[in-house]
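Listed below are the residues making up each chain.
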Amino acid sequence: MSPTASLTPGGAAGGDAGGLPEAWQPSERELERRRVRRAMHRRSLAVATLTTVVVFGVLGAGLVSSPGWETFQEYFFDPDHARDSFPAIWAGFWLNVKMFLIAEPLILVLGLALALARQARAAWLTPLRLLAVLYTDLFRGIPTILLVVLLAFGVPALQLQGVTNDRFFWALVALVLSYGAYVAEVFRAGIESVHPSQLASAETLGLTRAQTMRHVVVPQAVRRVVPPLLNDFVSLQKDTALVSTVGIFDAVFAARDYGSYNFNDTPLVVVALFFVAITIPLARLTDHLQKRVAERERAGAR
Amino acid sequence: MTGETTGGASALLRVRGLRKAYGDRVVLHDIDLDVAAGDVVCLIGSSGSGKSTLLRCLNLLEEVDDGLVELDGVDISDPRTDRRAVRARMGMVFQAYNLFPHLSVVDNVTLAPRKVHGVGRGEAEARARELLDRFGLADKADAHPDRLSGGQQQRVALVRALAPRPALLLLDEITAALDPELVGDVLGAVRSLAEEGTTLVLATHEMSFARDVATNVCFLDGGRILEQGPPEEIFSHPREARTRQFLERVLTERA
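Given the structure is predicted, the values throughout are model-derived calculations rather than measurements.

Now, about the overall build of chain B: what can you tell me, with residues and values included?
The number of helices and strands found in chain B is nine helices and ten strands. Computed over C-alpha atoms, the radius of gyration of chain B comes to 18 Å, within 12% of the 18 Å expected from 2.2 N^0.38 for 255 residues, which places it in the range of a compact globule. Counting only C-alpha atoms and orienting by the principal axes, one finds that chain B spans roughly 50 × 50 × 35 Å. With 255 residues in all, chain B has 56% of them scored as buried. In chain B, once contacts between residues fewer than 6 apart in sequence are set aside, the share between residues at least 24 apart is 64%. With the model as given, the accessible surface of chain B reaches about 10900 Å², and the carbon-plus-sulfur share is 47%. Charge centroids of chain B, computed over 31 positive and 39 negative side chains, lie 4 Å from each other.

Right under this line is the structure:
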């Protein structure tokens, strides 16, 4: 981008290569071309700004001019209620975050273990492989909300000796079981996307299948699936709200609690803002990583 | 600085003072080139000499940093140029074939004629099958590219580039990724195109092919056209020491 900075040999085509070094100066044509490019850039910037303003303006105007806007505003955007409900929601939201932070590492371990179990080829590991298939089929099929209810209410009802009846614990287990199945599939897709020639090279070096997985396949697979994994992170962060269905005092439960006493649902909007505030940075991070992967895979394939 | 000397008045493609740099690294210096209709211009030179970049600049895949590229007397290096219109008149074949793996051979070939040039499916397919037949691929028309050998894939890529009847065909080392015994098939196809008067600009390492088929050979070294002329002159009496060196090396390697 600094055309005048480079000092390069010039000279007529077909002249000798060792011609006198001479600073390159952009020609009149090139200068004109740069002016045109700048003008084109300015124009596309103007078009982008204009269309953005118009589209968002129309959307906003449509919303504000809807017949029920006044009541809607009172019911969902009341600043006083927002302020009053804030402390309880803040406390509840911390529970959501805690849940996410505990569940995510467990999910990653479980997911990877399941994916590896599914890739096992040794004959004696067949039952393990079948179990892994069964597991993903089952837990991916059951809606997470049902799993949360079934475990958080069901396990305590069994009155088992030495097993906790803590609903927080069982709701957490439900999230791990459900997301473990999803993440296992993500890892599996990553593992299967590693080219067979990589397996062949590892084999010819004399590595065992386990060693091949550990040192060749999984490192490549993990790198490739980071973006979709982060996508599941974002999703999990939101789904911690499901535990409100079993009476755990998370942010959503706190908001609903406040709302039913005060006949105002502004706290729900506050909770939504909390979740958005935490998922947007995660989403940007996902985009960034995805872009990096794309650039790396395109490198050398111009 | 830019050589404004007009070349052949009837030049289909006229390049003057073309410069391309990536940051501070200048990969093409002051390139002048004329291609008349029916010419076969071979770009030779070692890897990294700028052959591929030059072709990519001609096809507007790369933005040039200075100089002029004219197609039929129209400046196509102008930023306001409709690139798609230029490419509709210029075909390009890459080293790695770049066929679309999800489409059958005939669909690969008819995609541009149908979607870009508005040719009806029936007509496009008839032309595609005729071209495929000419290049010995008639029985592969409905196969998918991954069922074909490298040589067959590259011939399909040639047919795909030819289907929209381009005024000019750019070939970027199209035999470099092929097994030696498959190279002949593809070169044979290019040779027959040259013989019937297709205008070609090709980067190649196949010296005997360049000697036989080219009307004009350009030797590139360090991003410059160091020497250009008819093949018998370049191959038999090169003026530049660098050209001699290069030719000695590649010709003894091949022997």
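What follows continues from the structure just given.
Describe the sheet that holds strand β6 (residues 90–93) of chain B, with residues and values.
Residue and element names in this part refer to chain B. Sheet architecture is open: six strands sit in the order β6-β7-β8-β3-β9-β10, paired in mixed fashion. Across the chains shown, the open sheet's two edge strands, defined by having one partner strand only, are β6 and β10 (224–229). Across the sheet, the mean angle separating the axes of adjacent strands is 15° when strand polarity is ignored. Where strand β3 (residues 40–44) meets strand β8 (residues 200–203), four bridges bridge the pair, whose relative direction is parallel. Of the residues in β8, the one forming a bridge with C42 is L202. In the packing of helix α6 (residues 180–195) onto the sheet, contacts are made with β3, β7 (168–172) and β8, and the angle to β8 comes to roughly 150°.

Go over the confidence of the model for chain B with me, naming the residues and quoting the values.
Counting all residues, the mean pLDDT for chain B is 90, and 95% of those residues have values of 70 or more. Note that pLDDT drops below 50 for residues 1–8 of chain B; the model gives that stretch 17 contacts with residues more than four away or on any other chain.

So, empty space enclosed by the protein: which residues are in play, and what are the values?
Residues and elements named next belong to chain B. Within the structure shown, the criterion is met by two cavities of 30 Å³ or more. Looking at the second largest cavity, its volume works out to about 50 Å³. Lining the second largest cavity are L171, E173, I174, T175, L187, V190, L202, A203, T204 and F209. Every element with two or more residues in the lining of the second largest cavity is listed here: α6 and β8.

Can you lay out the sheet that holds strand β2 (residues 25–36) of chain B for me, pointing to particular residues and giving the numbers?
Taken together, four strands build an open sheet; the order of strands is β2-β1-β4-β5 (chain B) and the sheet is antiparallel. Either end of the sheet is taken by a strand with one partner, and the two such strands are β2 and β5 (74–75) of chain B. Note: strand β4 (residues 66–71) of chain B against β5 of chain B, two bridges, orientation antiparallel. Pairing of L71 of chain B across the sheet is with V74 of chain B, part of β5 of chain B. Against the sheet, helix α1 (residues 28–64) of chain A engages β4 and β5 of chain B, with an angle of about 85° to β4 of chain B. Lying on the sheet, helix α1 (residues 51–58) of chain B is in contact with β1 (11–22), β2 and β4 of chain B; it crosses β1 of chain B at an angle near 120°.

An account of the side chain of Q152 of chain B is requested, with residue identities and associated values reported.
On the secondary structure map, Q152 of chain B appears in helix α5 (residues 150–162). Once residues within four sequence positions are removed from consideration, Q152 of chain B is found in contact with L137 and K140 of chain B.

Describe in detail the pattern of salt bridges, supporting the description with residues and values.
Residues and elements named next belong to chain B. Under the defined criterion, the tally for this structure stands at 26 salt bridges over all chains. Salt-bridge contacts for K20 lead to E62; the nearest nitrogen and oxygen are separated by 3.8 Å. Of this pair, K20 sits in strand β1 while E62 sits in the loop between α1 and β4; the two residues are 42 residues apart in sequence, bridging distant segments of the chain. Just as K20 is buried, E62 falls in that class too. Close ionic contact of R239 with E240 constitutes a salt bridge, the shortest N to O distance being 3.6 Å.

Lay out the packing of α5 of chain B against α6 of chain B with the relevant residues and their values.
Residues and elements named next belong to chain B. Relative to each other, α5 and α6 sit at 20°, their axes nearing to 8 Å. Regarding the angle of α5 to α6, the classification is roughly parallel. Crossing of α5 against α6: the hand is right-handed. Every residue of α6 that contacts α5 at G150, G151, Q154, R155, L158 and L162 is listed here: L182, D185, V186, A189, V190 and L193. Considered class by class, the residues forming the contact of α5 with α6 number seven nonpolar, three polar and two charged.

Could you give an account of the nonpolar core, with specific residues and numbers?
Ranked by size, the top nonpolar core spans 50 residues in total, and within it L171 and V190 of chain B carry the most contacts. Ranked by residues supplied to this core, first place goes to α6 of chain B with eight residues. Apart from residues lying up to four places away in sequence, L171 of chain B is in contact with L55, V93, L158, V190, L200, V201, L202 and A203 of chain B. Judged by nonpolar contacts, the second largest core, of 46 residues, contains L95, F100, A132 and L172 of chain A.

Rules used throughout
- Residues numbered from 1 in each chain as written.
- Chains lettered and ligands numbered in written order.
- Predicted model: local features only at pLDDT ≥ 70, side-chain atom pairs only at ≥ 80, totals over all residues.
- Heavy atoms only, no water.
- Helix = DSSP H or I, 4+ residues; strand = E, 2+ residues; numbered from the N terminus.
- Rg over C-alpha atoms; globule rule 2.2 N^0.38 Å.
- Buried < 20%, exposed > 50% of the residue type's maximum accessible area, 1.4 Å probe, protein only.
- Contact = heavy atoms within 4.5 Å.
- Areas by Shrake-Rupley, 256 points an atom, 1.4 Å probe, with all protein chains shown as cover.
- Lys, Arg positive; Asp, Glu negative; His and termini not counted.
- Charge placed at Lys NZ, Arg CZ, Asp CG, Glu CD.
- Pairing = 2+ DSSP bridges.
- Axes fitted to C-alpha atoms, helices over the stretch in contact; angles between N-to-C directions.
- pLDDT = per-residue confidence, 0-100.
- 1 Å grid on protein atoms, 1.4 Å probe; cavity = no way out; pocket = protein on both sides within 12 Å on 5 of 7 lines; lining within 4 Å.
- Points joined across faces, edges and corners; volume = space filled by probe spheres on them.
- Salt bridge = Lys/Arg side-chain N within 4 Å of Asp/Glu carboxyl O.
- Parallel < 35°, antiparallel > 145°, perpendicular 65-115°, else oblique.
- Left-handed = near helix turned anticlockwise from the far one by under 90°.
- Nonpolar A, V, L, I, M, F, W, Y, C, P; charged D, E, K, R; others polar.
- Core = buried A, V, L, I, M, F, W, Y, C linked by side-chain atoms within 4.5 Å.

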